[in-house]
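Single-letter residue listing:
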Amino acid sequence: MKKLRFLLPLCALCLLFSCKKNSSSTGSSGSITATVDGSSQTFNYSATASLLAFGGSQALTITGVQSSSLTTYVITLIITPTSGNVTAGTYSATTAHDNVQLTYAQASTSVAYQNDPTSGSSNASVTISSISSTHVKGTFTGKLILESGSGAATKTVTNGSFDLDIK
């Protein structure tokens, strides 16, 4: 049920981004890149970073879209420290502290991959090298498992990087 609660808003987000294609503008203030299963990809359309405050803590959300005439892919990172604010450092999803969520989805279908630290075979890690109230920069990796739709059982994300203004 926890996964379903996350995937439903993600699917809505995917549909929203897939409807806003415009080849003349990326609509972003920075960059997100990653290698997914050996294929280098850039997610600069609508690339955003947001800091969200809740109950004395923060969450950092990073989202980007890779769009071509045939397919639209969305990558999303959510970093939630166990307490306090998001600061520079490494965050890794574990069964004890699920504070990193990495999702890779195809917007026009129901195919979505996500890390699941409880599975023992899927995890994600984010290193924030610098963060302020207006900018964030860092790297990420992850092994993702198929959460919905049909396709390969796993996706491996390597060489992920982001350098974004926080909005």
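About the criteria used
- Here the residue numbers are simple positions, counted from 1 along each chain's written sequence.
- For a predicted model such as this one, the threshold for reporting local features is a pLDDT of at least 70, and the threshold for listing and counting side-chain atom pairs is 80 or more; totals across whole chains, interfaces and linings nevertheless cover every residue.
- Think of the side-chain values as coming from all heavy atoms in the structure, minus any hydrogens and water.
- By nonpolar core we mean a set of buried residues, namely Ala, Val, Leu, Ile, Met, Phe, Trp, Tyr and Cys, connected to one another through side-chain atoms within 4.5 Å.
- Per-residue accessibility, obtained with a 1.4 Å probe over protein chains only, is compared with the maximum for each type, and a residue is labelled buried under 20%, exposed over 50%, and partly exposed between these values.
- Elements are defined by DSSP. Helices are runs of H or I of four residues or more, strands are runs of E of two residues or more, and each kind is numbered from the N terminus.
- The predictor's confidence in any single residue is recorded as pLDDT, a number from 0 to 100.
- By definition, residues are in contact when any of their heavy atoms lie within 4.5 Å.
- In the analysis that follows, any N or O atom pair within 3.5 Å is treated as a polar contact, provided that within protein one partner can donate a hydrogen and the other can accept it, and provided that, for residues neighboring in sequence, both atoms belong to side chains.
- Strand pairing is assigned whenever DSSP detects at least two bridges linking the two strands.

Engineer: Is there a simple way to explain the nonpolar core in this structure?
Structural biologist: In summary, soluble globular proteins display a tendency toward joint burial of nonpolar side chains. Residues Ile32, Ile62, Phe140 and Phe162 are the most contacted members of the largest nonpolar core, which totals 29 residues. Every element with two or more residues in this core is listed here: strand 1 (30-36), strand 3 (45-54), strand 4 (57-67), strand 5 (72-79), strand 7 (100-106), strand 9 (123-131), strand 10 (135-148) and strand 11 (154-165).

Engineer: How should I be thinking about the confidence of the model for the protein in this particular structure?
Structural biologist: Confidence in the prediction for the protein averages 82 pLDDT; 80% of positions are at 70 or higher. No element of the protein has a lower mean pLDDT than helix 1 (residues 2-18), which averages 39, and none a higher one than strand 11, which averages 97. Contacts of residues 1-27 to residues separated by more than four positions or lying in other chains number 36 contacts, the stretch itself having pLDDT below 50.

Engineer: Could you clarify how one ought to interpret the side chain of Thr35 in this entry?
Structural biologist: Here Thr35 lies in strand 1. Take Thr35: its relative accessible area is 14%, and that puts it in the buried class. Within the structure, the side chain of Thr35 is placed 3.5 Å from the side chain of Asn159, a separation counted as a polar contact. Discounting chain neighbours no more than four positions away, the residues touching Thr35 are Ser40, Thr156, Val157, Thr158 and Asn159.

Engineer: Explanation requested: the pairing of strand 11 in the structure shown.
Structural biologist: When a strand is regular, its side chains alternate between the sheet's two faces. Of the strand pairs in this sheet, strand 1 and strand 11 are connected by six bridges, and their pairing is antiparallel. By the bridge assignment for strand 11, Val36 is matched with Val157. As defined by bridge partners, strand 10 adjoins strand 11 across 10 bridges and the pair is classed as antiparallel. Residue pairing for strand 11: His135 is matched across the bridge by Asp165. Between the antiparallel neighbours strand 10 and strand 11 lie five residues, among them Gly149 with a positive phi of about 80 degrees.

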